[in-house]
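Here is how the chains run, residue by residue.
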Amino acid sequence: MSDNAKNLLPYAGVRVVEFTHMVMGPTCGMMLADLGAEVIKVEPVEGDSTRRLLGSGAGFFPTFNRNKKSIALDLKKPEGIEAALRLIATADIVSENFKPGTMKKLGLDYESLRKRDPRLIYVSHKGFLPGPYDHRTALDEVVQMMGGLAFMTGRIGDPLRAGTSVNDIMGGMFGAIGAMAALRQREQTGEGCEVQSALFENNIFLVAQHMMQFAATGKPADPMPSRISAWGVYDVFTVKGGEQIFLAAVSDKQWAIFCKAFGLEEMLADPRLKTNNDRVRARDWMMPLLRSHLAGYSAAELSAVFEKNELPFAPIARPHELFDDPHLNATGGLAPVRMNDGSESKVPLMPFTLGGERPGIRLQPPLLGEHTDALLREVGYSEAGIEALKQQGIAAAG
């Protein structure tokens, strides 16, 4: 790839105006922004509430709002709507994730905007696609419970949400993929369209493999903690000092390597353990023997043997430990980012490369209204007009 191609990201020149908050909508904008689009975040004058979240939401804003500009407008006032419409008139894509009906009340729904610009692409992120459930209020945890994911994650009788906002993040990703498809379609037809992405339908996509397992076998899928493993050795082991490590041997070749590496020639020769399926059937008595045999090793010793022999293994990491992960740091998988309080941390970048490079951070997560003046100026407001909007509390600048 030439230097020019590397510098020109694929969606450079595409303008996105987003009316989003929390995770789902901002993820869509972040993906497009990372890939070169100019993404303008329209915030209330008091700021996106995500900037002020505590606890599990404390990292939302710096995670999902890099490479964006911020304009702060009061959309409850006609003058705020007028400013938003002027911005939208310059946009290729509008993205939103408000409750059903909110954008229509503001006159910023797809049907209203497409009359002004038939080429506009409008991405709507909701809890449910249109249908019997679309009036319900959805959250990631709600759809995980009703969509089978919580059942599959927890133990029997103890449904448990997955340990991250999987549907919010992936729902935003599918919104971005839809926007990309719509841009390509517009090249062919000259017309934009509405893209809809939803939490519930995303969750159903995630559990499709378990639905199809039932279709193929006639047996309902057991939750992950209770499932019958497809592999003989595929488990978390508690070893020396109470440390834990995940170890696997998923083929007959790996089983042979594993047994030879740990002096288990007797088990290797046992005809009851000859094939992977034999070992799956023998897990009740095989696994206690393996656990006992490996209990005296430290996790580091086991890691060294498994890595040397190219066998699958994994330390049991906690998320905060990943800031120091040598692979992530060596490969440029983490980049400096500005936190809400102005301090600096590192944040994971997109999990792919373009021409050997990860799409990086061109703009830090914006301060509230950081680009208000410049953007209003660009869409035709005079200095006096901008000042008047700010004096009236209809616009705010960082």
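The structure we're discussing is the one just above.
Residues numbered from 1 in each chain as written. Predicted model: local features only at pLDDT ≥ 70, side-chain atom pairs only at ≥ 80, totals over all residues. Heavy atoms only, no water.

Some words on a nonpolar patch on the surface
In plain terms, the rule: Patch membership requires more than 30% relative accessible area and the absence of a salt bridge. Residues of like charge join within 9 Å; the nonpolar side chains Val, Leu, Ile, Met, Phe, Trp and Tyr join within 5 Å. We get accessible surface area from the Shrake-Rupley algorithm with a probe of 1.4 Å; when it comes to residues, only the shown protein chains can shield them. In the sections that follow, a salt bridge refers to a side-chain nitrogen of Lys or Arg positioned within 4 Å of a carboxyl oxygen of Asp or Glu. Helical segments are the DSSP runs of H or I of at least four residues, strand segments are the runs of E of at least two, and each set is numbered from the N terminus.
Together, Tyr-133, Leu-139, Val-142 and Met-146 make up a nonpolar patch on the protein surface, roughly 320 Å² of accessible area in all. Along the chain, the position of Val-142 falls in helix H7 (residues 140-146).

Examining the sheet that holds strand E5 (residues 121-126)
Inclusion rule: Strand pairing is defined by DSSP finding a minimum of two bridges between the two strands. We call two residues in contact when some of their heavy atoms are within 4.5 Å. Whenever a helix is involved, its axis is fitted only over the stretch in contact; in every case the axis is a line through C-alpha atoms, and angles between N-to-C directions fall within 0 to 180 degrees.
Reading across from one edge, E6-E5-E4-E1-E2-E3-E12 is the order of the 7 strands in this open sheet, with mixed pairing throughout. Every interior strand has two partners, whereas the edge strands, strand E6 (194-198) and strand E12 (395-396), have only one. Here strand E4 (residues 93-96) runs beside E5; their pairing, made up of 4 bridges, is parallel. Looking at the pairing, Ser-95 lines up with Val-123 of E5. Its contacts with the sheet put helix H2 (residues 24-34) on strand E1 (15-19), strand E2 (38-43), strand E3 (68-73), E4, E5 and E6, and the angle it makes with E5 is roughly 140°.

Observations concerning the packing of aromatic side chains
Applicable threshold: Two rings from Phe, Tyr or Trp (for Trp, the six-membered ring) form a pair when their centres are within 6.5 Å of each other. A pair whose planes differ by under 30 degrees is stacked, one over 60 is edge-to-face, and the rest are tilted. Relative accessibility under 20% of the residue-type maximum defines a buried residue, over 50% an exposed one, and the middle range a partly exposed one, all with a 1.4 Å probe and only protein chains included. Charge-over-ring placement is defined geometrically: NZ (Lys) or CZ (Arg) within 6 Å of the ring centre, and within 35 degrees of the ring normal.
Enumeration over the complete set of coordinates arrives at 12 aromatic pairs. Judged by centre distance (5.6 Å) and plane angle (70°), the ring pair of Phe-128 and Tyr-133 falls under edge-to-face. Here the aromatic rings of Phe-262 and Tyr-297 are separated by 5.3 Å at their centres, their planes lie at 90°, and the arrangement is edge-to-face. Residue Phe-262 is found in the loop between helix H12 (252-261) and helix H13 (265-269), and its partner Tyr-297 is found in the loop between helix H15 (283-294) and helix H16 (299-308); the two are separated by 35 residues along the sequence. The exposure class assigned to Tyr-297 is partly exposed, which follows from its relative accessible area of 25%. A cation over a ring is seen here: Arg-86 above Tyr-381, with NZ or CZ 3.9 Å from the ring centre. In this structure, Arg-272 is placed above the aromatic ring of Trp-285, and the distance from its NZ or CZ to the ring centre is 4.1 Å.

So, the nonpolar core
Rule in force here: Buried Ala, Val, Leu, Ile, Met, Phe, Trp, Tyr and Cys residues that are joined via side-chain atoms within 4.5 Å together make up what is termed a nonpolar core.
Counting 54 residues, the largest nonpolar core has Phe-19, Leu-32, Ile-93 and Leu-108 as the members making the most contacts within it. Residue contributions to this core peak at 6 residues, all from helix H4 (residues 78-88). In contact with Leu-32, other than residues within four places in its own chain, are Tyr-11, Val-16, Ala-37, Val-39, Ile-93, Ala-176, Ala-179 and Met-180. If you look at the next biggest cluster of nonpolar residues, it comprises 22 residues, including Ile-245, Phe-258, Phe-262 and Leu-311.

A look at H15
This is how it is decided: Expected helix span is taken as 1.5 Å per residue step, with the number of steps being one fewer than the number of residues. By construction, the arc corresponds to the directions joining the helix axis to the C-beta atoms.
Helix length check: H15 (12 residues) gives 16 Å between terminal C-alpha atoms against 16 Å at 1.5 Å per residue, within 8%. When we look at burial in H15, the residues that qualify are Arg-283, Met-286, Met-287, Leu-290 and Leu-294. Each buried residue of H15 lies within a common arc of 95° when the element is viewed along its axis, so the set occupies one face. Exposed and oriented more than 90 degrees from the buried face of H15 are Asp-284 and Ser-292. For H15, the secondary structure elements touched by its buried residues are strand E7 (233-238), strand E8 (244-249), H12, H13, helix H14 (276-281) and H16.

With respect to the sheet that holds E8
If you walk across this open sheet you meet the 3 strands as E7-E8-E9, and the pairing is antiparallel. Of all strands in the sheet, those with a lone pairing partner are E7 and strand E9 (313-315), marking the two edges. Between one strand axis and the next, the sheet turns through 15° on average, direction left out of account. Each of E7 and E8 touches H15; the most contacted strand, E7, lies at about 45° to it.

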